[in-house]
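# Descriptive structure summary
Residues per chain are reported as follows:
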Amino acid sequence: EPEVTQTPSHQVTQMGQEVILRCVPISNHLYFYWYRQILGQKVEFLVSFYNNEISEKSEIFDDQFSVERPDGSNFTLKIRSTKLEDSAMYFCASKDWEQGPLNEQFFGPGTRLTVL
Amino acid sequence: AQTVTQSQPEMSVQEAETVTLSCTYDTSESDYYLFWYKQPPSRQMILVIRQEAYKQQNATENRFSVNFQKAAKSFSLKISDSQLGDAAMYFCAYRSAYGGANNLFFGTGTRLTVIP
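Now for a look at the structure at hand.

Conventions used here
- Residues numbered from 1 in each chain as written.
- Chains lettered and ligands numbered in written order.
- Predicted model: local features only at pLDDT ≥ 70, side-chain atom pairs only at ≥ 80, totals over all residues.
- Heavy atoms only, no water.
- Disulfide = S-S within 2.5 Å.
- Helix = DSSP H or I, 4+ residues; strand = E, 2+ residues; numbered from the N terminus.
- Buried < 20%, exposed > 50% of the residue type's maximum accessible area, 1.4 Å probe, protein only.
- Contact = heavy atoms within 4.5 Å.
- Buried area = accessible area lost by both parts, 1.4 Å probe.
- Salt bridge = Lys/Arg side-chain N within 4 Å of Asp/Glu carboxyl O.
- Nonpolar A, V, L, I, M, F, W, Y, C, P; charged D, E, K, R; others polar.
- Core = buried A, V, L, I, M, F, W, Y, C linked by side-chain atoms within 4.5 Å.
- Phe/Tyr/Trp six-rings, centres within 6.5 Å; stacked < 30°, edge-to-face > 60°.
- Pairing = 2+ DSSP bridges.

## Quick notes on the state of the cysteines
- Considering all chains together, one arrives at two disulfides over all chains under this definition.
- Note on cysteine connectivity: A:Cys23 is disulfide-linked to A:Cys92, with sulfurs 1.9 Å apart. One disulfide, between A:Cys23 and A:Cys92, carries an S-S torsion of -65° and so falls in the left-handed class. Linking A:Cys23 in strand β3 (residues 19–24) with A:Cys92 in strand β9 (residues 88–95), this pair joins segments that are 69 residues apart in sequence.
- Overall, the relative accessible area of 0% leaves A:Cys23 in the buried class.
- Across a sulfur-sulfur distance of 2.0 Å, B:Cys23 and B:Cys92 are joined as a disulfide pair.

The following block contains the structure:
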């Protein structure tokens, strides 16, 4: 069964460094998402991406964040200058529009980002 | 803005018994979808069950069923005949019926332990 994959599973970085989190959505899916979960808190929406552009973003998704679909298979989240409060689990998800209004978002296993 | 509340951070159940996980939400929209996701340890979130707000009948998927009370904005998950494999974090989520990307709003989760 097709799955969303994410790499790396755990990323440790120094404050101020740039990180890129990678996701491979399910092929033929059309909508892509990033969510994050700070330890002990709820899963929060960051951004959705459709037709090669951002369709929605939350207030968390400020100028430090960017997303890209560089090659038709990968979907990346870049944090330009990481802060301590960016430490969280980051989940990628994808969705196939053709499945109708209840179409399911399929989630990846997450990347745990630790900012020191 | 939509909010989802799960008031039980942890629950436990004896194997083969029944457990109910609570979820309430707040919205001003009349049409929306509600979901329960399961996240086993170190694995991705998978969809357990979903409910369309305009349907009065409660959704059922094998041992999983919901009690959807629209007026009370309550959406609880009942797991019958609990199995060891049901041990996981369970997230309640809300999604608007309007728009295309339709990001999910999550609760903080309930960690379910199944006691052999």
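Continuing now.
## Overview of the interface of chain B and chain A
- Between chain B and chain A, the contact holds 19 residues from the first and 24 residues from the second.
- Approximately 2,000 Å² of surface area, both sides summed, lies buried where chain B meets chain A, with 53% of it carried by carbon and sulfur atoms.
- At the junction of chain B with chain A, the criterion picks out zero salt bridges.
- Within the residue set of the side of chain B that touches chain A, elements represented by two or more residues are β5 (32–39), β6 (46–52), β10 (88–96) and β11 (104–106) of chain B.
- The class makeup of the residues in the side of chain B that touches chain A is nine nonpolar, seven polar and three charged.

## Observations concerning the nonpolar core
Residues and elements named next belong to chain B.
- By size, the foremost hydrophobic cluster in this structure holds 25 residues, and its most contacted members are Tyr 25, Trp 36, Ile 49, Phe 75, Leu 77 and Tyr 90.
- Residue assignment for this core shows that the elements contributing at least two residues are β3 (19–21), β5, β6, β8 (64–69), β9 (74–79), β10 and β12 (110–115).
- Sort the elements by how many residues they give to this core and β10 lands first, with four residues.
- Contacts of Ile 49, omitting those with residues within four sequence positions, involve Leu 34, Phe 35, Trp 36, Ala 59, Thr 60, Glu 61, Phe 64, Ser 65, Val 66 and Leu 77.

## Structural notes on the packing of aromatic side chains
- Tallying each qualifying case throughout the model produces 20 aromatic pairs over all chains.
- Ring centres 5.9 Å apart and planes at 75° place the aromatic pair A:Phe107 and B:Phe106 in the edge-to-face group. Of this pair, A:Phe107 sits in strand β10 (residues 105–107) while B:Phe106 sits in strand β11, placing the two residues on different chains. B:Phe106 carries the same exposure label as A:Phe107, and that label is buried.
- When the centroid spacing of 5.9 Å and the interplanar angle of 55° are considered together, the rings of B:Tyr37 and B:Phe106 count as tilted. Of this pair, B:Tyr37 sits in strand β5 while B:Phe106 sits in strand β11, and the two are 69 residues apart along the sequence.

## Here we look at the pattern of salt bridges
Residue and element names in this part refer to chain B.
- Per the stated rule, a full pass over the model turns up four salt bridges over all chains.
- Put simply, Arg 63 and Asp 86 hold a salt bridge, and the shortest N to O gap is 2.8 Å. Here Arg 63, found in the loop between β7 (60–61) and β8, pairs with Asp 86, found in the loop between β9 and β10; they are 23 residues apart in sequence, far enough to count as distant.
- Relative accessible area serves as the criterion here: at 3%, Asp 86 is assigned to the buried category.

## Some thoughts on the pairing of β12(B)
All names here are of chain B.
- Burial along β12 is one-sided: the residues Thr 110, Leu 112 and Val 114 are buried and none of Arg 111, Thr 113 and Ile 115 is.
- Direction of pairing for strand β2 (residues 10–14) relative to β12: parallel, over a ladder of five bridges. By the bridge assignment for β12, Val 13 is matched with Val 114.
- Note: β10 against β12, three bridges, orientation antiparallel. Looking across to β12, one finds that Met 89 is bridged to Arg 111.

## Quick notes on unusual backbone geometry
- In this chain, A:Thr7 is followed by A:Pro8 through a cis amide linkage whose omega measures -10°.
- Relative to the helices and strands, A:Pro8 resides in the loop between β1 (5–7) and β2 (10–13).
- Of note, the phi angle at B:Ala16 is positive, near 80°, even though the residue is not glycine.
- As for its placement among the helices and strands, B:Ala16 is situated in the loop between β2 and β3.
- Taking the relative accessible area as the measure of exposure, B:Ala16 reaches 46% and is therefore partly exposed.
- A positive phi is found at B:Asn62, a non-glycine position, where the angle reads about 55°.

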